[in-house]
Amino acid sequence: MRYSMWAYPWDLQDLGLETTYDEYRNKAGVNSISLAVSYHAGRFLQPRSPHRKSYFPQDGTIYFTPEQNRWDDQEIKPLVADNLHEKGDMLSVLIRDRPKHGLAVSCWTVCLHNTRLGMLHPDHVTRNAFGDPSYYSLCPSSPAARSYVTTLIADLTHNYRPDIVELETIGFMGFDHGYHHEKDGLSLTSEDEFLLSLCFCEHCTQAATRSGVDATNTKILVKELIEDAVAKETPSPLFPSFPEDGIAAFKGLPTLYDFLKWRSQPVTSLVESIRKAAHPESKIVLIEGENAWRDGVDLKAIGKVCDGVILCAYSANPESVRAVIKSTRGAIGADKYLGFGASAFYEHTKSKDELVERVQAALTAGANGVNFYNYGLIPEPRLTWIKASTEVS
C-alpha cells in the first residue's frame, strides 16, 4: 500500500532533511514523499517553520534543474525558482537519499496552471466565448503549451528518475479558480461558471472543427446563454439537472453537447504524449477531483493512456468516498493505480477519526494508496492523524 504526503521544497529546507525523513517514516507513518517540482503563487501559512510563519513562493516556477538543450527550440520555457539557486535542489537530494530514507519519491507537478507563463504567452491561454483570456490557465489544445508540458515531464523523468510523476491541472481550469480578489456581483450559478470555463481559443476552435464539431456555432450559443444569465435580476439555473448529470445536462442542445464530448480529446492526447515522452521507469498519474469532467478529463479514456489517477475528495463523507472511488476504479480499470487524496486541513477534516473513516472507506472501495495534504501546512500533532489513517488497512 502506498502512503504519501505532499510537501514543498521550502518545508524540507526549513525543517531540515533529518526531521523530514523522521516525521514521514515515524510520526506520519508514510512510505512516500510527493514533492512539488512545478508550482504556482500563493500565500502559505507555515505553522512549524522555525524561520517564518508565512511564505510567498515565486509564481509559475520549477524546483528542479532542467536540461537546457531540451528547451532551445521551445516557445514556452520554464523558469527555475530562485529558491533552488539560493537553498538547493531538494528533489536531487531526495533522489540521492532514497537508500537512506527508504521513501519512494513522487514529483507533484502543476502543469497548465501558470499565470506567469500565461501573461508571457497570451496566445496560448484558455479564452471564454467572448475571447476573454484566463491568464492562469495554459490551454491543453495549444501546440506550444502541449510541447511545454510534455518536455517538462520528459526532462524531469529522464534526468531525475522519480518513482511517480503526479500531474495536476492537466485539463481546462474553471472560471471560478480563486484568482486574486475575484469579484462577482451576480453570484454565478454552477452552470454559468461552467459555461464561462469553456475554451474557444483559436487552438480549441480549430481542433474541434477538424474533428467535425461545430465550434463556431457552439461559441455563439454559449455567448447567448451567458448574456442571458448575466442579464437576470437574480441568478437562476436554466439546466436544473446540472451539475449532477454532468455534460448530459446539455443533451438538449446538440451542438453544445457535441463540443463538450470533444473537449476531453485534447486532454487525453496530451496525457498520452506525456506518457510516451517520459522515462518508462517513472509512473505517470493524474491528480483530479470528484468532478474531473468539468476539466475536460474523461477518466475512462485517461485510464488507457497513463498509469493511474489520484482522486481527491477532501470533504466527502465516507459513503461519498466509497462511491467516487468505486466509480473511478470502474472507469480507469482494475490494473491501474488508484490513489485517494485526503486532506488534514481542519476546514476539511475536524478529527483524527474523521480522517481515518474517510481513508478506510477509500481503501475498502478499491484505492491502492493515499496521498495526504499537506506536510508543511499542518501542525505537528496532526501528523498522528495521518499515521492512524495508515494503520487501517
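As shown above, the structure is provided for reference.
Here the structure is a predicted model, which is why all the values come from computation and not from measurement. (Residues numbered from 1 in each chain as written. Predicted model: local features only at pLDDT ≥ 70, side-chain atom pairs only at ≥ 80, totals over all residues. Heavy atoms only, no water.)

So, the pattern of salt bridges
In step 1: Per the counting criterion, the structure on display carries 14 salt bridges.
In step 2: With a closest N to O distance of 2.5 Å, E18 and K100 form a salt bridge. Here E18, found in helix α2 (residues 17-27), pairs with K100, found in helix α5 (residues 98-101); they are 82 residues apart in sequence, far enough to count as distant.
In step 3: Where E380 meets K27, a salt bridge forms, and the shortest distance between an N and an O atom there is 2.1 Å. Remark: K27 occurs in helix α2 and E380 occurs in the loop between β13 (369-373) and α16 (383-390); sequence separation between them is 353 residues.
In step 4: Classification of E380 by relative accessible area gives partly exposed; the value is 33%.
In step 5: One salt-bridge network, held together by shared partners, links E23, K27, R48 and E380. (Salt bridge = Lys/Arg side-chain N within 4 Å of Asp/Glu carboxyl O. Helix = DSSP H or I, 4+ residues; strand = E, 2+ residues; numbered from the N terminus. Buried < 20%, exposed > 50% of the residue type's maximum accessible area, 1.4 Å probe, protein only.)

Notes on the packing of aromatic side chains
In step 1: Here the structure, examined in full by the defined rule, presents 25 aromatic pairs.
In step 2: Here Y8 and Y39 contribute two aromatic rings whose centre-to-centre distance is 5.0 Å and whose plane-to-plane angle is 70°, an arrangement assigned as edge-to-face. Of this pair, Y8 sits in the loop between β1 (2-7) and α1 (9-15) while Y39 sits in strand β2 (residues 32-39), and the two are 31 residues apart along the sequence. Accessibility classification places Y8 together with Y39 in one group, the buried group.
In step 3: On the numbers, 5.8 Å between centres and 80° between planes, the contact of F64 with Y160 is edge-to-face. In this pair, F64 sits in the loop between β5 (61-62) and α3 (82-87) while Y160 sits in helix α7 (residues 143-160), placing the two residues 96 residues apart along the sequence. Pair check on accessibility: F64 and Y160 agree, each one buried.
In step 4: Here the guanidinium or amino end of R48 rests over the ring plane of Y375, the centre of that ring lying 4.7 Å away.
In step 5: We note R382 situated over the ring of W385; from NZ or CZ to the ring centre the distance is 5.3 Å. (Phe/Tyr/Trp six-rings, centres within 6.5 Å; stacked < 30°, edge-to-face > 60°. Lys NZ or Arg CZ within 6 Å of the ring centre and 35° of its normal.)

Examining α7
In step 1: Between its terminal C-alpha atoms α7 stretches 25 Å, which fits the 26 Å expected from 18 residues at 1.5 Å a residue.
In step 2: Where burial is concerned, most of α7 is hidden: 14 out of the 18 residues are buried.
In step 3: Immediately beyond the C-terminal end of α7, within one or two residues, lies R161, with a positive phi of roughly 55°. (Expected span 1.5 Å × (residues − 1).)

As far as function goes, none of this settles anything; it's purely spatial.
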